[in-house]
Amino acid sequence: MKCIAFIFIFLVLTVCFSAKAAEPKEEWNLTFGGQYGDGVWCLQETLDGGNILVGNSASRGEGSDLFLIRTDGLGNCIWSKILGGSGEDVGYFVQETRDGGFIVTGSTKSFAMGEELLWLVKTMANGSLSWDRTFGGFVSSSGDGGWSVDETDDAGFITTGYTQSLGSGRKDLWLLKTDAQGSKIWDKTFGGREDDVGMSVLQSRDGGYIVAGRTASFGKGGDDIWLLKTDSQGEELWNETFGGKQDDAGFQVVELRDGYAVVGRTESGSDKKKIILIKVDLDGQKLWEKTYRGSSASSLQSTADGGFVVAGRIDNKETGRDALIIKTDSKGSEEWSMTLGGSADDICTFVIQSRDGSYTLAGITSSYGLGKEDAWLVKIREGPPSKENETQFKKLVFPNFASLNSASSNSTSN
């Protein structure tokens, strides 16, 4: 499929910033897609300074398909791939792998007996399919799906999501470990009688796994933010819930030197939905929490200065939805925030700090582009590119950057 990209220069509706931080400014704004619905759910920076995006596209006219987009550092499309069949298929998370390719998790109904299955897809560096695997069983509703994946130290993969074909409840949090070829090594389910879902997973420094999500089976009422820690075999070490009597949910977890941070949405303690950021120690005990304006948050990343950047959205009855980015310090105090959007609905699903210190956001826009909805990629910056920022960022996010880059180069030359 040929890439269709349109650049739109538009007025940022609202920019909020503290006196201590430089005002963030938009550098460029791109959309990808066709005349039907397209969107991005996850964004990662690649080792060469470009981007890899995954989401869904209906532009082929056969329902929703998994949509994989590779760009350079300026957002120019290098290639895009459409994967799927006649059913509804979507990719929710993507990560560059040590061999220079990409691993994607999501869900598929095209290759399912019944409702959706968890779908794990591995591609080469040029987007060509290496292999794909489906996991789950036959159920009459909702089925099974993946929300997050991480490459593990043994070159295999750990993914989390939900299952209705296994477990003890309606939906159970599902943790699935595979080898490098996507063959299942083990899987575990966690939950009770109600819906429980894993939204984010990563391998922690101790070789185990940390999972964030939501649970309606445990906690104080409704949905609660759920953090689950396991060992390397998926055996539970601890789990903690956070929230009140209303609905609360966790969407992404990051590991820190002294614990973990999780971002999500809370409806407890207020008549309005708010974004919530919680830091816990290595045993899951809460150290602090902060709330921010906004209806929901979908991604969290540590920044080079030790703070955090959060992607989310604001819902307004008059103007619809707008994309929201929040930058905090290491204690979660807001340094600046920025909303972007036009006259229709626009949401930010993922934001990253790039190695040059700028920020790149991805999402779904109805205000710009060709179709009803389009995949959206925007670059913003607080100031000019900085070599110091780039070096700090590599040490923070890519501690083995040199060895990974070398491995990628070796793979390409072969």
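Every value quoted in this text rests on a predicted model; they were computed, and no experiment measured them.

Colleague: What is the right way to read the nonpolar core from this model?
Modeller: Generally speaking, soluble globular proteins have nonpolar side chains that are buried together. Counting residues in hydrophobic clusters, the biggest one holds 36 residues, and the most contacted among them are Leu66, Leu68 and Val94. In this structure Leu66 touches Val54, Gly55, Lys81, Ile82, Leu83, Asp89, Val90, Gly91, Val104, Trp119 and Val121, once residues within four positions along its chain are discounted.

Colleague: Please explain the side chain of Ser337 as it appears in this structure.
Modeller: Inspection of the secondary structure assignment puts Ser337 in strand 27 (residues 334-340). Judged by its relative accessible area of 1%, Ser337 is buried. Engagement of the side chain of Ser337 in a polar contact is seen with the side chain of Glu334, the distance being 3.1 Å.

Colleague: What's the story with the environment of Gly49 in this structure? I'm lost.
Modeller: Mapped onto the elements, Gly49 comes out in the loop between strand 4 (38-45) and strand 5 (51-57). Since its relative accessible area comes to 26%, Gly49 is described here as partly exposed. Note: C-alpha distance between Gly49 and Asp356 (307 residues apart in sequence) is 9.0 Å. The contacts of Gly49, once residues within four sequence positions are left out, are Gly73 and Arg355.

Colleague: Whenever I open this one, the pattern of salt bridges confuses me. Can you help?
Modeller: Two side chains with opposite charge may pair up if their charged atoms get near one another. Counted according to the given criterion, the structure contains 23 salt bridges. The salt bridge partner of Asp99 is Lys122, with a shortest N-O separation of 3.1 Å. Of this pair, Asp99 sits in the loop between strand 8 (89-96) and strand 9 (102-108) while Lys122 sits in strand 10 (residues 117-123), and the two are 23 residues apart along the sequence. For Asp99, a relative accessible area of 40% translates into the label partly exposed. Lys122 sits in the buried class, given a relative accessible area of 6%. Between Asp315 and Arg313 there is a salt bridge, with the nearest N and O atoms lying 2.9 Å from each other. Members of the salt-bridge network, linked through shared partners, are Glu27, Asp356 and Arg381.

Parameters at a glance
- Residues numbered from 1 in each chain as written.
- Predicted model: local features only at pLDDT ≥ 70, side-chain atom pairs only at ≥ 80, totals over all residues.
- Heavy atoms only, no water.
- Core = buried A, V, L, I, M, F, W, Y, C linked by side-chain atoms within 4.5 Å.
- Buried < 20%, exposed > 50% of the residue type's maximum accessible area, 1.4 Å probe, protein only.
- Contact = heavy atoms within 4.5 Å.
- Helix = DSSP H or I, 4+ residues; strand = E, 2+ residues; numbered from the N terminus.
- Polar contact = N/O pair within 3.5 Å; in protein donor to acceptor, adjacent residues only side chain to side chain.
- Salt bridge = Lys/Arg side-chain N within 4 Å of Asp/Glu carboxyl O.

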